[in-house]
Amino acid sequence: MIVGQAVIKTIFAQARAGICNSLVIVIVVMRVTCRMYPAALTSNGMSPALDLARTPFIVIWELTQACDLACVHCRASARPQRSPLELSTAEGEDLIRQVRNMGAPVFVLTGGDPLQRPDLFHLVEYGTRLGVRVSLTPSTTPLLTRDALAGLKARGLARLAISIDGADAASHDRFRGVPGAFDRALATVGWAHEVGLPVQINTTMSRHNAHDFDALAALMESLDIVLWSVFFLIPVGRATLRDGLGGEAIELLFEKLYALSLRARFDVKTTEAMHYRRYVAQQRKLTGASRPADRRHPDGIGRAPRGLNDGKGFVFISHLGEVYPSGFMPRSAGNIRREPLAGIYANSPLFVALRDSSRLGGKCGACEFREICGGSRARALAYTGDPLAADPACIYEPAGWVEGAA
Ligand code: SF4
């Protein structure tokens, strides 16, 4: 990216000196931009139409499962020590090259705590130089300092995502299992602004904090963020079946979330609650409201394409190289140590089945919203053992659907 900016500056300087005409400028700038951002945004701020059968919108790499926090609902069941079997730096570089070649618009480095790996800074810079837009979800531990953020920003990091699960120190620290985590999360947001990093907040809603939604929303509105990503807990890792929310409770949160989305200065999205899209479509039909204009973010990361789901525009690579449809769906479709990511994503029976809405079971298979929603495949797997079963946390009854009918 730095090289690209230098080229553009040189061309404009030449233009001012009369060396290069404006048509050449436009052509060269377009070529440089396309090389830097193979999936740059369209004019309306949306990501361009992707063929989700071949190109994921988002690739997430779990750099490590090591972490100094002890979150009660940790997806990864993170532990203090790194595994000697983690993907190496060279294997990570190879993965980044594959992500670049696939043209995925968003690449996220996650953990565990990615800062537990000393090669994190190198990997961010490596990806940036290849034109991959890199985001990071670090843990709020003493490793996360203002200097670390400045270093990551200097190496091209595009966005920082911080987890906040409680509206105050008492509730958040109880989730994280470490006193001071809430204060550090807020300090991190301030440091990110100081060094010029756009901030996304991730919040996992569960039966432990659903009652606190209004206070959490107020906290988000007090922070200068680009996106509030609200996860709906899936019982994997340290989370249990009892921690998840039922359909009625989720529907109440959808109502609040939708109201917030109409007034907030930041975008709102859900993770593992694909039926929020059904709720939004229903509200727009009821009220005649149209979709608000998409916001343009300084990091160039646009909204996800319609119908994104586990394995359908979404792919997760574990610290051992296993390829999952999402981090909440620990069912491997292959390993990048044995075969290329693109082949696993496009051709593995698991990913192919997940992208085929005609194979959905139960009421999801009969639902008119299945193309834009499809239900959480991770929740279906966690609660029923069948990744194609109906999402058990959706209250919608499709027209003509009869429970128990063939
Ligand atoms: S029934 Fe399934 S596809 Fe339809 S809205 Fe609910 S979760 Fe989505």
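Here, every reference points to the structure presented above.
Each value, and the rule that gives it
Residues numbered from 1 in each chain as written. Predicted model: local features only at pLDDT ≥ 70, side-chain atom pairs only at ≥ 80, totals over all residues. Helix = DSSP H or I, 4+ residues; strand = E, 2+ residues; numbered from the N terminus. Contact = placed C-beta atoms within 7 Å. Pairing = 2+ DSSP bridges. Right-handed = clockwise from strand over helix to strand, strands pointing away. Near = placed C-beta within 6 Å. Buried ≥ 20, exposed ≤ 12 C-beta atoms within 10 Å, placed from the backbone. Axes fitted to C-alpha atoms, helices over the stretch in contact; angles between N-to-C directions. Parallel < 35°, antiparallel > 145°, perpendicular 65-115°, else oblique. Left-handed = near helix turned anticlockwise from the far one by under 90°. Nonpolar A, V, L, I, M, F, W, Y, C, P; charged D, E, K, R; others polar.

## So, the overall build of the chain
Step number 1: For the chain, the helix and strand inventory stands at 14 helices and 10 strands.
Step number 2: For the chain, restricting intrachain contacts to residue pairs at least 6 apart in sequence, the fraction spanning at least 24 positions comes to 72%.

## Focus: the pairing of strand β7 (residues 267-271)
Step number 1: Alignment of strand β6 (residues 227-232) against β7, held across 5 bridges, turns out to be parallel. Within the sheet, the bridge partner assigned to F231 lies in β7 and is T271.
Step number 2: Following the backbone out of β6, through helix α9 (residues 247-263) and into the adjacent parallel β7, one traces a crossover that is right-handed.

## Here's the deal with the site of the ligand
Step number 1: Contacts to the ligand come from 15 residues, most closely from C364, C367, C373, G375 and C394.
Step number 2: Elements supplying a minimum of two residues to the shell around the ligand: α10 (275-287) and α13 (362-365).

## As for the environment of L95
Step number 1: One can find L95 in helix α3 (residues 89-102).
Step number 2: What makes L95 buried here is the crowd of 21 C-beta atoms within 10 Å.
Step number 3: Separated by 32 residues in the primary sequence, L95 and G127 have C-alpha atoms spaced 9.7 Å apart.

## Side note on the packing of α3 against helix α4 (residues 120-129)
Step number 1: Relative to each other, α3 and α4 sit at 25°, their axes nearing to 10 Å. As the angle between them shows, α3 and α4 are arranged roughly parallel. The crossing of α3 and α4 is right-handed. Only H122, L123, Y126 and G127 of α4 make contact with α3, whose side of the interface consists of T89, G92, E93 and I96.
Step number 2: Each residue belonging to the contact of α3 with α4 can be placed in one class, and the counts come to 3 nonpolar, 4 polar and 1 charged.

So yeah, pure geometry; function would need other evidence.
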